[in-house]
Amino acid sequence: ARRYLTGALALAPRCHPVMHALAMTFHREGDDMTAREWFQRAIDLHDASCLYHQNLAVTCRQVGDVPGAIRAYERAIALSEDLARRSQVLDALGSLLANERGDLIEAVARFREAVQSDPRNTRARRNLAVALIERNELPEARQQLREAIDLRGNWAAAHATLAYADLQAGDLPAAEAK
């Protein structure tokens with residue numbers, strides 16, 4: 001794929017979709033430094049793509065450029081017109097803020113925005129619940145997990161997290177029922 005895409009760029013050197021495809025190829029091959037460069041080149045030519053910025057954020061995070069990832073996620077959110085994609089990007093940004101920065105206040109805000117953008121986003125609901133558990137906000141955490149389970153009943157991770165939240169809340173019978 002890389003050889004084909006490189007050949008296509010030789011014919012059309014300013015073709016941002018080909019640059020994006022080449023960046024994705026490098027990313028799939030595990031070369032995120034090169035992928036990041038190609039995502040940036042595509043963005044330099046076409047800054048209005050939510051997907052390009054979202055993928056740039058992923059590669060920035062992979063190479064340890066947390067500030068770059070945050071900027072790219074924020075730009076992707078600003079460009080997003082689709083609520084489901086916006087929710088996914090907000091969830092990813094919340095995860096980065098919680099895991100890389102330890103900023104639970106900002107992470108919870110992003111997770112809440114993600115759930116508001118797409119109430120069916122069970123991953124965002126679970127991530128919100130985990131952050132709320134860490135902040136000892138157990139009633140809301142348990143509610144988010146119940147709603148995630150209502151949407152995706154067989155999701156073991158949500159059931160396990162709810163059992164943990166029940167234990168933290170001192171509700172042993174509810175935890176054992178999981």
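Residues numbered from 1 in each chain as written. Predicted model: local features only at pLDDT ≥ 70, side-chain atom pairs only at ≥ 80, totals over all residues. Heavy atoms only, no water.

1. Some points on the packing of aromatic side chains
What the rule picks out here adds up to 0 aromatic pairs. Over the ring of Trp155 we find Arg152; its NZ or CZ atom is 4.1 Å from the centre of that ring. (Phe/Tyr/Trp six-rings, centres within 6.5 Å; stacked < 30°, edge-to-face > 60°. Lys NZ or Arg CZ within 6 Å of the ring centre and 35° of its normal.)

2. As for the nonpolar core
Trp38, Tyr73, Leu93 and Leu96 are the most contacted members of the largest nonpolar core, which has 52 residues in total. With 8 residues, helix H5 (residues 66-79) is the largest single contributor of residues to this core. Discounting chain neighbours no more than four positions away, the residues touching Leu96 are Arg61, Val66, Ala69, Ile70, Tyr73 and Arg101. (Core = buried A, V, L, I, M, F, W, Y, C linked by side-chain atoms within 4.5 Å. Buried < 20%, exposed > 50% of the residue type's maximum accessible area, 1.4 Å probe, protein only. Helix = DSSP H or I, 4+ residues; strand = E, 2+ residues; numbered from the N terminus. Contact = heavy atoms within 4.5 Å.)

3. Here we look at the pattern of salt bridges
Per the stated rule, a full pass over the model turns up 15 salt bridges. Connected via shared salt-bridge partners are Glu74, Arg86, Glu106, Arg110 and Glu113. (Salt bridge = Lys/Arg side-chain N within 4 Å of Asp/Glu carboxyl O.)

4. A word on the packing of helix H7 (residues 104-117) against helix H8 (residues 122-134)
Viewed as axis vectors pointing N to C, H7 and H8 meet at an angle of 150°, and their least axial separation amounts to 9 Å. By the angle between their axes, H7 is roughly antiparallel relative to H8. Where H7 crosses over H8, the handedness of that crossing is left-handed. Touching Leu104, Val108, Phe111, Arg112, Ala114 and Val115 of H7 are Ala124, Arg125, Asn127, Leu128, Ala131, Leu132 and Glu134, all from H8. For the contact of H7 with H8, the class distribution of residues is 9 nonpolar, 1 polar and 3 charged. (Axes fitted to C-alpha atoms, helices over the stretch in contact; angles between N-to-C directions. Parallel < 35°, antiparallel > 145°, perpendicular 65-115°, else oblique. Left-handed = near helix turned anticlockwise from the far one by under 90°. Nonpolar A, V, L, I, M, F, W, Y, C, P; charged D, E, K, R; others polar.)

5. Focus: H7
Because an α-helix completes one turn every 3.6 residues, residues spaced three or four positions apart along the sequence face the same direction. Under the 1.5 Å per step criterion, the end-to-end length of H7 is 19 Å for 14 residues, consistent within 8% with the ideal 20 Å. Within the span of H7, buried status applies to Leu104, Ala107, Val108, Arg110, Phe111, Ala114, Val115 and Ser117. Along its buried surface, H7 packs onto H5, helix H6 (83-101), H8 and helix H9 (138-151). (Expected span 1.5 Å × (residues − 1).)

6. Comments concerning the state of the cysteines
Applying the stated criterion to the full structure yields 0 disulfides. Cys50 supplies the cysteine sulfur nearest to Cys15, a cysteine that is in no disulfide, at a spacing of 20 Å. Residue classification places Cys15 among the partly exposed positions, given a relative accessible area of 24%. Free cysteine Cys50: the closest other cysteine sulfur is in Cys60, separated by 15 Å. (Disulfide = S-S within 2.5 Å.)

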